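Architecture and fold: a report
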Amino acid sequence: MGASNLGWRDRPAAEELGRRLGLPVYIDNDVRMYVYGEAVAGAGRGFRVVLGLTVGTGLAAALVEDGRLYYGGGFMAGELGHIRMDDVPYQCGCGLSGCLETVVSATGIARLARDRIAAGGEGLLARQFAGRLQELTAADVSAAHDQGDALAAQVMDEVGRHLGRGLSYAVTLLNPDLILIGGGAAAAGEKLFAPMRSELKRLVLPPYWQHLTIRRAELLDDAGVIGSAASAAARIRGGSAS
Ligand SMILES: [Zn+2]
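Residue indices begin from 1 for each chain and proceed along its sequence in written order. Where local features are concerned, this predicted model is filtered to residues with pLDDT of at least 70; where side-chain atom pairs are given and counted, the filter is 80 or more; whole-chain, interface and lining totals use all residues. To get the side-chain values, all heavy atoms of the structure are used, and hydrogens and water are removed first.

Things to note about helix α7 (residues 190-203)
The α-helix winds at 3.6 residues per turn, so residues separated by three or four positions along the chain end up facing the same way. Helix numbering and strand numbering both begin at the N terminus, where a helix is a DSSP run of H or I of at least 4 residues and a strand a DSSP run of E of at least 2. A helix is expected to reach a length of 1.5 Å times the quantity of its residues less one. Counted at 1.5 Å a residue, the expected span for α7 with its 14 residues is 20 Å, and the 19 Å between its end C-alpha atoms agrees. Three or more residues of α7 are buried, namely Lys191, Leu192, Phe193, Pro195, Met196, Glu199 and Leu200. Buried residues along α7 sit against α5 (138-146), α6 (150-174), β4 (178-182), α8 (206-211) and β5 (213-216). Here's how the labels work: a residue is buried when its accessible area is under 20% of the maximum for its type, exposed when over 50%, partly exposed in between, all with a 1.4 Å probe on protein chains only. Any pair of residues with heavy atoms lying within 4.5 Å of one another is described as a contacting pair.

A short note on the coordination of the zinc ion
Water is absent from the atoms considered, so a metal site may look incomplete; donors are defined as N, O and S atoms within 2.8 Å of the metal, or 3.2 Å for Na, K and Ca. The protein atoms that coordinate the zinc ion are His82 (ND1), Cys92 (SG), Cys94 (SG) and Cys99 (SG), at distances of 1.9 to 2.4 Å. Key to geometry: four donors with every angle between 85 and 135 degrees are tetrahedral; four donors are square planar and six octahedral where opposite donors lie over 155 degrees apart and all remaining angles lie between 65 and 115; all other sites are irregular. With four donor atoms in place around the zinc ion and angles of 103 to 117° between them, the coordination shape is tetrahedral. On the accessibility criterion, His82 (26% relative accessible area) is partly exposed.

Some points on the packing of helix α3 (residues 106-118) against α6
A fitted line through C-alpha atoms serves as each axis, taken over the contacting stretch for helices, and the angle formed by two N-to-C directions is quoted from 0 to 180°. One can describe the packing of α3 onto α6 by two numbers: an axis separation of 10 Å at closest approach and a directional angle of 135°. Taken together, the axes of α3 and α6 are oblique relative to one another. Considering only the axes of α3 and α6, their crossing is right-handed. Residue-level inspection shows Ile109, Leu112, Ala113, Arg116 and Ile117 of α3 in contact with α6, the latter providing Leu151, Val155, Met156, Glu158 and Val159. Under the scheme applied, nonpolar residues are Ala, Val, Leu, Ile, Met, Phe, Trp, Tyr, Cys and Pro; charged residues are Asp, Glu, Lys and Arg; polar residues are all the others, including Gly. Here the contact of α3 with α6 is composed, by residue class, of eight nonpolar, no polar and two charged. Any angle between 65 and 115 degrees counts as roughly perpendicular, while under 35 counts as roughly parallel, over 145 as roughly antiparallel, and the rest as oblique. By the definition used in this description, the sense in which the near helix is turned from the far one sets the handedness, with an anticlockwise turn below a right angle giving left-handed and a clockwise turn giving right-handed.

Comments concerning the packing of aromatic side chains
Between the rings of Phe, Tyr and Trp (Trp by its six-membered ring), a pair exists once the centres lie within 6.5 Å; its type follows the angle of the planes, with under 30 degrees stacked, over 60 edge-to-face, and the other angles tilted. A complete count under the given rule lists one aromatic pair for this structure. Pairing Tyr71 with Phe75 gives two aromatic rings, centres 6.0 Å apart and planes at 65°, and the pair type is edge-to-face. For Tyr71, a relative accessible area of 12% gives the class buried. A ring has a charge above it when a Lys NZ or an Arg CZ is no more than 6 Å from the ring centre and no more than 35 degrees off the ring normal. The cationic tip of Arg111 hangs over the ring face of Tyr90; the distance from NZ or CZ to the ring centre is 4.3 Å.

A look at the pairing of strand β1 (residues 49-55)
With respect to burial, β1 is a largely interior element, seven of its seven residues being buried. Burial along β1 is two-sided: the residues Val49, Leu51, Leu53 and Val55 and Val50, Gly52 and Thr54 are all buried. Examined bridge by bridge, β1 and strand β2 (residues 59-65) share seven bridges and lie antiparallel to one another. Note that in β2 the partner of Val55 across the bridge is Leu59. Here the rule is simple: two strands pair whenever DSSP picks up at least two bridges between them.

Focus on the confidence of the model for the protein chain
Averaged over every residue, the pLDDT of the protein chain is 93; the share at 70 or more is 98%. Predicted complex metrics record ipTM = 0.99 and pTM = 0.91. The quantity called pLDDT is the predictor's confidence in a given residue, expressed from 0 to 100.

Concerning the nonpolar core
In terms of nonpolar packing, the biggest core is built from 48 residues, with Leu53, Leu125, Val141, Leu167, Ile179, Ile181 and Leu200 touching the most fellow members. Elements that contribute at least two residues to this core include exactly β1, β2, α3, α4 (124-128), α5, α6, β4 and α7. Apart from the residues within four sequence positions on either side, Leu200 is in contact with Gly164, Leu167, Ser168, Val171, Ile179, Trp209, Leu212 and Ile214. Among buried residues, the Ala, Val, Leu, Ile, Met, Phe, Trp, Tyr and Cys ones that are joined through side-chain atoms within 4.5 Å form a nonpolar core. Core analysis: the next-biggest nonpolar cluster, separate from the first, contains 19 residues, Ala43, Val50, Ala60 and Ala223 among them.

Here's the deal with the pattern of salt bridges
Put simply, a salt bridge is a Lys or Arg side-chain nitrogen that is within 4 Å of an Asp or Glu carboxyl oxygen. Under the definition given, this model contains 12 salt bridges. A salt bridge links Arg32 to Asp28; the shortest N-O distance between them is 3.4 Å. Judged by its relative accessible area of 5%, Arg32 falls in the buried class. Residue class for Asp28 comes out partly exposed when judged on its relative accessible area of 23%. Across the pair Glu199 and Arg202 runs a salt bridge whose closest N-O atoms are separated by 3.0 Å. Taken together, the residues Glu199 and Arg202, both in helix α7 and three residues apart, mark about one turn of the helix. Connected through salt bridges with shared partners, the residues Asp28, Arg32 and Arg235 form a single ionic network.

Right, here's the structure in full:
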């Protein structure tokens, strides 16, 4: 595996850890384990093809089909946050610009609200954070939306519509039975999901939409732990998680 922050490149970390611990060790990414946990033991139970995403500090996705994770040829499948959008101007941490997650993430929601206010946007949120705009978070935008703030509603609508557009590509390519949404920003619930749904419905062929269920994740913070345990158990059994 590689980890640029640790200076690792092509390091057999699972093997090294396994040797030290005297136990089998598997390494996988957090979003896959989260979605796998939800698919086998949470909101995804009973669905055959589950596309799960986490909207937190970033945006990422994973696909489970018949209890099996899809990895892609280079183990990079699911980086939905780095689809590039024409009308998104922001620089992404990945080095590209215009990535979906620069808008559809907790970070993105807060930045969009700050930018709208800096550009002269008014209202409750603008008054509340006058002179301390950098402290504004996605949770503040969500709370202001609850109190009827138009600017906050506009930001959530814009973020939701971007998510819907990003998902339209994934839905057309993968035809999921279920889209499962978790992560910190998913706490905004319908404020984000309603515009996402209407944009997604508008953009995909009707059979995809009619077939699709959209749900919030239900295991929340436990999903990754449950998914990791279930995935490791399946690998040890020689089963289907890997
Ligand atoms: Zn990116």
